[in-house]
Amino acid sequence: MGTWRISADLLARSRFVVSPRIETVAALNDLVRPSDAAGRAFAAAHRESFEAMLAEHPLRRAVLEHSWRPGWISDWLALPPDGPGRTFAEEIEDVRALGDKQVRAHLRESTPEHALPHSLTRSGVAEHAAQLLEWVWTHALATDWARRERILRADIVSRTARLATHGWAAVLRDLGRDREWLGDGQLRINRYDLPSRVLDDDADLYFVPAHGTATWVGWHLPSRYAIYYPVTGALAEVDGQADDGLERLVGNARATLLRTIDGPSSTSALVARTGMPLGSVGDHLKVLLAAGTVLRRRSGREVLYWRTALGDALVASGRGVLPMYRGGTRP
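About the criteria used
Residues numbered from 1 in each chain as written. Predicted model: local features only at pLDDT ≥ 70, side-chain atom pairs only at ≥ 80, totals over all residues. Heavy atoms only, no water. Axes fitted to C-alpha atoms, helices over the stretch in contact; angles between N-to-C directions. Helix = DSSP H or I, 4+ residues; strand = E, 2+ residues; numbered from the N terminus. Parallel < 35°, antiparallel > 145°, perpendicular 65-115°, else oblique. Left-handed = near helix turned anticlockwise from the far one by under 90°. Contact = heavy atoms within 4.5 Å. Nonpolar A, V, L, I, M, F, W, Y, C, P; charged D, E, K, R; others polar. Expected span 1.5 Å × (residues − 1). Buried < 20%, exposed > 50% of the residue type's maximum accessible area, 1.4 Å probe, protein only. Pairing = 2+ DSSP bridges. Patch = residues over 30% accessible without salt bridge, like charges linked within 9 Å, V, L, I, M, F, W, Y side chains within 5 Å. Areas by Shrake-Rupley, 256 points an atom, 1.4 Å probe, with all protein chains shown as cover. Salt bridge = Lys/Arg side-chain N within 4 Å of Asp/Glu carboxyl O. Lys, Arg positive; Asp, Glu negative; His and termini not counted. Charge placed at Lys NZ, Arg CZ, Asp CG, Glu CD. Phe/Tyr/Trp six-rings, centres within 6.5 Å; stacked < 30°, edge-to-face > 60°. Lys NZ or Arg CZ within 6 Å of the ring centre and 35° of its normal.

## Some points on the packing of helix 10 (residues 252-260) against helix 11 (residues 267-274)
Relative orientation of the contacting elements helix 10 and helix 11 amounts to 115°, with a least axis distance of 11 Å. Between helix 10 and helix 11, the crossing angle belongs to the class labelled roughly perpendicular. Considering only the axes of helix 10 and helix 11, their crossing is right-handed. Of the residues in helix 11, those touching helix 10 at Thr256, Leu257 and Thr260 are Leu270, Arg273 and Thr274. Of the residues in the contact of helix 10 with helix 11, the class split is two nonpolar, three polar and one charged.

Take a look at the structure:
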């Protein structure tokens, strides 16, 4: 089986991060080989324009065709993030920085049974790879990024909460199939018959959620490693649902609050954004907190609230625009 040997110090320094570039790779994966209903819907929406782009840019198609084999994703696609909080524009430069020689080597490794076409032996391979991801981001992902990012961050909050209550072994076991802490410093990353890789204590290790069925790992030797896993709570709108479904379930005021908490928000900020009285906001937040739809944490003099995965799921399943609270409705 494939395992990584990780010291306690490295595991303690590891971080969960959101990566717009990796989310773009997951979207590209859905365009090429969708594996679930959401992926098939995404592919159906963008396949025509995607195919037109590949027809116009045959070198991008050549890069794409040599980036996968069964059970393997090319290392240039699985390149780990270089820290948290980076934009797509910053992250895509990491692909360009690999250079033609390294991207070409990754393409050969991902399709060893096929020789690279002559077009990929010339200069510009790294640029074509970067432009392929840039097209997916610009034409299929950027306008939906705010929603996707909220879901990714909600997943991380739920994972870290589980870490606090159940420890690393439980968290690692839930990061997709064939992931498990084996003890003695060994993390199983897949079931391939590969030698164990020893990660240096001063390396960077990232856990990165993505939509779809991501169960990859990636590395940029000698010191950057990443484990990619499928996000939870990625619910789309449900056809045939009443526009006021969330309001009917939790009441207009609480539905308004739950929709408004699209990131860590203080009580005063929620009062300003919703127009609700301070006392009402506090009372409804207590109910939402008790129901497990929000979490809270003190930050200086303020208490910040944010949605849990359950809260995101409720908002995602309720359609309609964000209403302003008008009072006089049931709680």
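## Description of helix 2 (residues 20-32)
In a regular helix each residue adds 1.5 Å, so 13 residues correspond to 18 Å; helix 2 covers 18 Å between its end C-alpha atoms and thus fits that length. Most of helix 2 sits inside the fold, with twelve of its 13 residues counted as buried. Of the positions making up helix 2, those classed as buried are Pro20, Arg21, Ile22, Glu23, Thr24, Val25, Ala26, Ala27, Leu28, Asn29, Asp30 and Leu31.

## Describing the sheet that holds strand 7 (residues 197-198)
Pairing is mixed in the open sheet, where four strands are placed in the order 5-6-1-7. In this open sheet, the two strands that pair with only one neighbour each are strand 5 (180-183) and strand 7. Here strand 1 (residues 2-5) runs beside strand 7; their pairing, made up of two bridges, is parallel. The residue bridging Arg5 from the neighbouring strand is Val198, located in strand 7.

## Comments concerning the pairing of strand 10 (residues 224-230)
Within a regular strand, side chains alternate between the sheet's two faces. Along strand 10, six of the seven residues are buried, which leaves the element largely enclosed by surrounding structure. Examined bridge by bridge, strand 8 (residues 204-210) and strand 10 share seven bridges and lie parallel to one another. In the sheet register, Ala210 faces strand 10, and the bridge partner there is Pro230. For strand 9 (residues 217-220) and strand 10, the ladder comprises four bridges, and the chain directions are antiparallel. Within strand 10, the residue paired with Trp219 across the bridge is Tyr225. Connecting strand 9 to the antiparallel partner strand 10 that follows it, the hairpin turn spans three residues.

## Concerning a negative patch on the surface
Together, Asp9, Asp200, Asp201 and Asp202 make up a region of like negative charge exposed at the surface. In this structure, Asp201 sits in the loop between strand 7 and strand 8. When its relative accessible area of 45% is taken as the criterion, Asp201 is described as partly exposed.

## A short note on the packing of aromatic side chains
Tallied over the entire structure, the rule returns ten aromatic pairs. Summarising the aromatic geometry, the rings of Phe88 and Trp137 are spaced 4.8 Å apart at their centres and angled 5° between planes, so their arrangement reads as stacked. Of this pair, Phe88 sits in helix 5 (residues 88-110) while Trp137 sits in helix 6 (residues 125-141), placing them 49 residues apart in sequence. Accessibility expressed as a relative area gives 15% for Trp137, which makes it buried. One Lys or Arg, Arg197, reaches over the ring of Trp219 and ends 4.3 Å from the middle of that ring.

## Overview of helix 10
Across the nine residues that make up helix 10, a large majority, nine, are buried. Residues Asn252, Ala253, Arg254, Ala255, Thr256, Leu257, Leu258, Arg259 and Thr260 constitute the buried set of helix 10.

## Focus: the pattern of salt bridges
On inspection of all chains with the given rule, the structure shows 13 salt bridges. Note that Glu23 and Arg148 form a salt bridge whose closest N and O atoms lie 2.6 Å from each other. Note that Glu23 is positioned in helix 2 and Arg148 in helix 7 (residues 145-166), a separation of 125 residues in sequence. Take Glu23: its relative accessible area is 0%, and that puts it in the buried class. What makes Arg148 buried here is its relative accessible area of 8%. With its nearest N and O atoms 2.6 Å apart, the salt bridge here joins Asp94 to Arg86. Like Arg86, Asp94 is buried. Among the charged side chains, a salt-bridge network with shared partners connects Glu23, Asp144, Arg147 and Arg148.

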